[in-house]
Amino acid sequence: MLTEINFDGIIGPSHNYAGLSLGNIASASHAGDPSYPRAAALQGVAKMRGNLARLGVQGFLLPLPRPNDALTQMLALDGTEPPQLRAAPWSASSMWTANAATVSPAPDTADGRCHLTPANLVTMLHRAQEWPDTQAQLKIAFGDTRHFAIHDAVPPTFGDEGAANHMRLCESHDTQGVEVFVYGKTGGRFPARQHEQASRLVARAHGLDPARTIFIEQNPAAIEAGAFHNDVVAVANGPVLFTHAEAFADQQLVYDAIRAAFPALEVVEVPSSAVSLREAIRTYLFNAQLLTLPDGSMGLIVPEECRESASVWGWCEGMLAGNGPIRQVIPVDVRQSMANGGGPACLRLRVVCAPDTVDPRFLLDEAKADLIERTIAAHWPEQIDPADLGSDNLANSVISARLALLDTLNLAQLG
Ligand code: SUG
């Protein structure tokens, strides 16, 4: 039985605020702040626990090895370089698994397998180092080649940011869907991180039906306002597209194109008069997990920041009082990730598959959540100041913390 599993990235012990992502306003505005890796990782586990209780299934991916010595050497770091360059090999950015890969579930693909393409993330140096290690992990978690195909990343000429710029509409998760790829065009103040040709390449490699595959342009004004990924302004689940009114270059064209392939589309659009683009990006209302709950209704897992915004919370309350498909709005505290521009949706990769086809070491249960929490509490640094990045002491504690987690989860092979 195919079901949707959220694979959250466990927040790594080197989590820090180095201001590395141009166009990501939270990352820029927290540059230089101290970070709290232990608290960050525990917030992530608490989110996973909540969804495990709600859905009965939850997966995770492990932090990647940091600091990355190969990148340190490649950059010839010797202490004279600018701090942002020094910070790149330390980034814990693989926590945002919505950027780990693009996933096309089995009902959508020509060979009836679930296809995953790791995102090359080439626009940002600190993220471009992720994909080979991510791919190695995906090959273990989804190693059963009867059910999964793991591709190489697309060539670096084309920027690919994975599932953060990909949406799937379907009657239910286990039926054939319509896949929507959202790309940006270069030329604005901030980089357009998802290139059209990367999206088209991924769709071809996954064997998608062209009649059920749509390519749409992100609104340049949204990128300009800080929507460096489409999942900052829109999210889809089942037949529902939950979107800000200014998410796409031509909003009506997008609805029409999706409806032509998927007539059952239900659009929940938030008008700019209710929530400005700026406030949507500040609160991450759309960087939400839109979940189908066991009773068939939908719940929206939003950051706590949404509850603190009069306009956003007012819109949510009005929406709940109406008769729409989203019946619950559930705030979660992921503030440590939010301060780097990563909300609840950034922290998870959705994979539609049968749970028994996944390596069970990547699936969560309550006992494993306890173990993970204990390991984090015992080994994750309490605080990192960006000035500490580069120090041998910190390197040793970050490396041993990750190895302790791998050991706990019987995944030392990722060492
Ligand atoms: O790629 N932030 C990440 C946030 C990714 C959010 N993901 C999705 N929207 N799906 C990024 O910009 C900041 C790192 C720093 O500044 O230290 C960072 O990489």
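Structure shown above.
Note that the structure is predicted; figures quoted are calculated from it, not measured. (Residues numbered from 1 in each chain as written. Predicted model: local features only at pLDDT ≥ 70, side-chain atom pairs only at ≥ 80, totals over all residues. Heavy atoms only, no water.)

Novice: Which residues make up the pairing of strand 12 (residues 289-292), and what are the values?
Specialist: When strand 12 meets strand 13 (residues 298-303), the two strands line up antiparallel, connected through four bridges. Pairing of Leu 291 across the sheet is with Gly 299, part of strand 13. Once strand 12 ends, the chain turns through five residues before running back antiparallel as strand 13, passing Gly 296 with a positive phi of about 95°. (Pairing = 2+ DSSP bridges. Helix = DSSP H or I, 4+ residues; strand = E, 2+ residues; numbered from the N terminus.)

Novice: So what's going on with the nonpolar core? Residues and values would help.
Specialist: Judged by nonpolar contacts, the single largest core of 73 residues is most densely connected at Phe 7, Leu 62 and Phe 142. The greatest single-element share of this core, amounting to five residues, is contributed by helix 2 (residues 37-55). Among the nonpolar cores identified, the runner-up in size contains 22 residues, and Val 240, Val 302, Val 312 and Met 319 belong to it. (Core = buried A, V, L, I, M, F, W, Y, C linked by side-chain atoms within 4.5 Å. Buried < 20%, exposed > 50% of the residue type's maximum accessible area, 1.4 Å probe, protein only.)

Novice: I'd love a proper account of the side chain of Arg 402, names of residues and values included.
Specialist: For Arg 402, the location among the structural elements is in helix 14 (residues 392-408). No salt bridge is formed by the buried Arg 402; its nearest oppositely charged neighbour, Asp 133, is found at 6.7 Å. Sequence-distant contacts of Arg 402, that is, excluding residues within four places in its chain, are made with Pro 13, Pro 63, Leu 64, Pro 65, Trp 380, Leu 414 and Gly 415. (Lys, Arg positive; Asp, Glu negative; His and termini not counted. Salt bridge = Lys/Arg side-chain N within 4 Å of Asp/Glu carboxyl O. Contact = heavy atoms within 4.5 Å.)

Novice: Describe the pairing of strand 8 (residues 213-217), and please don't skip the residues or the numbers.
Specialist: The buried fraction of strand 8 is high, at four of five residues. In this sheet, strand 8 lies alongside strand 7 (residues 178-183) in parallel orientation, the contact comprising five bridges. Following the sheet pairing, Val 180 is matched in strand 8 by Ile 214. Handedness of the crossover joining strand 7 and strand 8 through helix 7 (residues 196-205): right-handed. (Right-handed = clockwise from strand over helix to strand, strands pointing away.)

Novice: Summarise the packing of aromatic side chains; cite the residues concerned and give the values.
Specialist: All told, the structure shown has five aromatic pairs when counted by the stated rule. Between the aromatic rings of Phe 242 and Phe 286, the centroid separation amounts to 4.6 Å while the plane-to-plane angle is 35°, which identifies the pairing as tilted. Remark: Phe 286 occurs in the loop between helix 10 (277-283) and strand 12 and Phe 242 occurs in strand 10 (residues 240-244); sequence separation between them is 44 residues. Judged by its relative accessible area of 0%, Phe 242 falls in the buried class. (Phe/Tyr/Trp six-rings, centres within 6.5 Å; stacked < 30°, edge-to-face > 60°.)

Novice: Break down helix 2 for me, with residues and values.
Specialist: Taking 1.5 Å per residue, 19 residues should reach 27 Å; helix 2 reaches 27 Å between its end C-alpha atoms and fits that length. For helix 2, every residue scored as buried is listed here: Pro 37, Ala 40, Ala 41, Gln 43, Gly 44, Val 45, Lys 47, Met 48, Arg 49, Asn 51 and Leu 52. Just past helix 2, the residue Gly 56 takes up positive phi, approximately 85°. (Expected span 1.5 Å × (residues − 1).)

Novice: Quick one: what's the story with helix 6 (residues 131-141), residue by residue and with numbers?
Specialist: Residues spaced three or four apart along an α-helix face the same direction, because each turn holds 3.6 residues. Residues Thr 134, Gln 135, Gln 137, Leu 138 and Ala 141 constitute the buried set of helix 6. Mapping the buried residues of helix 6 onto a view down its axis gives an arc of 165°, with all of them on the same face. Tucked into the core, helix 6 has its buried residues touching strand 2 (59-61), strand 3 (101-104), strand 4 (114-118) and strand 5 (148-150). (Arc of directions from axis to C-beta.)

Novice: Run through the site of the ligand, naming residues and quoting values.
Specialist: What surrounds the ligand is a group of 20 residues, the closest being Leu 20, Ser 21, His 126, Arg 193 and Asp 231. In this structure, Leu 20 approaches the ligand through a main-chain N or O atom, which is 2.7 Å from an oxygen atom. Contact with the protein chains covers 99% of the free accessible surface of the ligand, which is 480 Å². Across the shell around the ligand, the residue classes tally to seven nonpolar, ten polar and three charged. (Near = heavy atom within 4 Å. Polar contact = N/O pair within 3.5 Å; in protein donor to acceptor, adjacent residues only side chain to side chain. Areas by Shrake-Rupley, 256 points an atom, 1.4 Å probe, with all protein chains shown as cover. Nonpolar A, V, L, I, M, F, W, Y, C, P; charged D, E, K, R; others polar.)

Novice: Which residues make up the sheet that holds strand 10, and what values go with them?
Specialist: One open sheet accounts for three strands, arranged 9-10-11; its pairing is mixed. The strands lining the two open edges of the sheet, one partner per strand, are strand 9 (234-237) and strand 11 (266-270). Between one strand and the next, the sheet's axes are offset by a mean angle of 15°, whatever the strand orientation. One ladder, built from five bridges, connects strand 10 with strand 11; its direction is parallel. (Axes fitted to C-alpha atoms, helices over the stretch in contact; angles between N-to-C directions.)

Novice: Residues and numbers for the pattern of salt bridges, please.
Specialist: Close approach of charged atoms allows side chains of opposite charge to pair. Tallied over the full model, the rule gives 20 salt bridges. Residue Glu 161 is joined to Arg 193 by a salt bridge in which the shortest nitrogen-to-oxygen separation is 3.1 Å. Taken together, the residues span a long stretch of sequence, with Glu 161 in the loop between strand 5 and strand 6 (166-169) and Arg 193 in the loop between strand 7 and helix 7 at a distance of 32 residues. Taken as a pair, Glu 161 and Arg 193 share a single burial class, namely buried. A salt bridge links Arg 282 to Glu 279; its shortest N-O distance comes to 2.8 Å. Linking Arg 282 with Glu 279, this pair stays in helix 10, spanning three residues, or about one helical turn. When salt bridges that share partners are traced, they join Arg 49, Glu 366, Asp 370 and Glu 373 into one network.

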